[in-house]
Amino acid sequence: MHPIIVIPARLASTRLPQKPLADIAGKPMIVHVAERAREADCAQVIIAADDRRIFEAVRDHGHHAIMTATDHQSGSDRIAEALALTDPDERHEIVINLQGDLPTIPSADIRASLKVLETDDECDIATLGTVIIDADEKTNPNVVKIVGTPVADARAGVKLRALYFTRATAPWGDGPLYHHIGLYAYRREALKRFVALPPSPLEQREKLEQLRAVEAGMTIHAAIIDTVPLGVDTAADLEKARQALG
């Protein structure tokens, strides 16, 4: 299916200034993310940068980068531009949107998203989730939940067919709650359709971009993985990443 991994990298960050260039064990964080993507050994890897400093840092460490516009509203818009510039002949049928603040993500997690699309022709977008263990996370609006129905797949493993994404504690009643992890694998046509859609009512209400796809009737399946990868949003997160990779 000739997949490609695109890592969107935006220099501006309110909580952690110049986050992609933050030093971790002698390398910028965005370079560590590119290394994790290469270690997945499943696709070509490019970084979609919005600033020349990111572009040069990535290239200096031997990775492929491309400059994109500075005014994109989302990472999905940025990867769509990068894909159009890098692959105008549309050789890549699947694009994985890997966030640029996941410097320790296991390569198996990246491959898990790809496997969902490889084994399910009806799925438009694949993502990741994990069972919530911490009771506080169940009521934390910053922990996005997947409301979905379990699907057993002998080839792709346990997954959910996503019915909704929410910041609320849902679904009600006994049973597991699932933490959504914002890595996406799109079929090429699905990405084109998604970025062409206007923001949807529930997307704007919940502040969750993936609801645009749900409201448009697109099919999203989430592979269930063991743990939430470390996302670096604060100085404390950055210190954890340095300890893990130092």
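Since we're looking at a predicted model, the values are computed, not measured.

Definitions and cut-offs
Residues numbered from 1 in each chain as written. Predicted model: local features only at pLDDT ≥ 70, side-chain atom pairs only at ≥ 80, totals over all residues. Heavy atoms only, no water. 1 Å grid on protein atoms, 1.4 Å probe; cavity = no way out; pocket = protein on both sides within 12 Å on 5 of 7 lines; lining within 4 Å. Points joined across faces, edges and corners; volume = space filled by probe spheres on them. Helix = DSSP H or I, 4+ residues; strand = E, 2+ residues; numbered from the N terminus. Nonpolar A, V, L, I, M, F, W, Y, C, P; charged D, E, K, R; others polar. Buried < 20%, exposed > 50% of the residue type's maximum accessible area, 1.4 Å probe, protein only. Pairing = 2+ DSSP bridges. Salt bridge = Lys/Arg side-chain N within 4 Å of Asp/Glu carboxyl O. Core = buried A, V, L, I, M, F, W, Y, C linked by side-chain atoms within 4.5 Å. Contact = heavy atoms within 4.5 Å. Axes fitted to C-alpha atoms, helices over the stretch in contact; angles between N-to-C directions. Parallel < 35°, antiparallel > 145°, perpendicular 65-115°, else oblique. Left-handed = near helix turned anticlockwise from the far one by under 90°. Arc of directions from axis to C-beta.

(A) Geometry of the layout of surface pockets. Taken as a whole, the largest pocket encloses approximately 2,000 Å³ of empty space. The wall of the largest pocket is formed by 49 residues, among which Arg15, Lys19, Gln99, Asp101 and Asp233 lie closest to the centre. Of all the elements in the fold, those that place two or more residues in the lining of the largest pocket are strand 1 (4-9), helix 1 (29-39), helix 3 (75-86), helix 5 (135-138), strand 10 (178-187) and helix 9 (235-245). For the lining of the largest pocket, the element with the highest residue contribution is strand 10, accounting for six residues. In the lining of the largest pocket, the residues fall into 16 nonpolar, 17 polar and 16 charged.

(B) Main features of the pairing of strand 7 (residues 125-131). Of all seven residues in strand 7, six are buried; the element is thus mostly enclosed. Pairing analysis gives six bridges linking strand 7 to strand 10, with the strands arranged antiparallel. Within strand 10, the position partnered with valine 131 by the bridge is tyrosine 178. The sheet contact formed by strand 7 and strand 11 (residues 220-224) spans five bridges and is parallel. Bridge pairing in strand 11 places leucine 128 opposite alanine 223.

(C) Up close: the pattern of salt bridges. Throughout the structure, instances matching the rule amount to 14 salt bridges. Aspartate 101 serves as the salt-bridge partner of lysine 19, at 3.2 Å between the closest nitrogen and oxygen. Here the residue lysine 19 occupies a position in the loop between strand 1 and strand 2 (23-24), and aspartate 101 occupies one in the loop between strand 6 (94-97) and helix 4 (107-119), the gap between them amounting to 82 residues. Judged by relative accessible area, which is 9%, aspartate 101 ranks as buried.

(D) Geometry of the nonpolar core. Formed by 36 residues in total, the largest nonpolar core has its most connected members in Ile5, Ile7, Ile30, Ile47, Ile54, Leu98 and Ile110. Elements with a minimum of two residues in this core: strand 1, helix 1, strand 4 (44-49), helix 2 (52-60), strand 6, helix 4, strand 7 and strand 10. Those residues in contact with leucine 98 that sit more than four places away from it in its chain are Ile5, Val6, Ile7, Pro8, Val33, Ala37, Ile105, Ile110 and Leu183. Ile125, Ile146, Leu211 and Ala213 belong to the second largest nonpolar core, which has 27 residues in total.

(E) Molecular detail of the packing of helix 3 against helix 6 (residues 188-196). Taken N-terminus to C-terminus, the directions of helix 3 and helix 6 make an angle of 125°; their axes are 10 Å apart at the nearest point. In terms of their interaxial angle, helix 3 and helix 6 are classed as oblique. The hand of the helix 3/helix 6 crossing is left-handed. In this structure, helix 3 contributes Ser76, Asp77, Ile79, Ala80 and Leu83 to the contact, and helix 6 contributes Arg188, Leu191, Phe194 and Val195.

(F) Up close: helix 9. Turning to helix 9, its buried residues number three or more, namely Asp237, Leu238 and Ala241. One side of helix 9 carries all its buried residues, which in axial view fall inside an arc of 100°. Residues Ala235 and Gln243 are exposed on helix 9 and point more than 90 degrees away from its buried face. On its buried face, helix 9 is in contact with strand 2.

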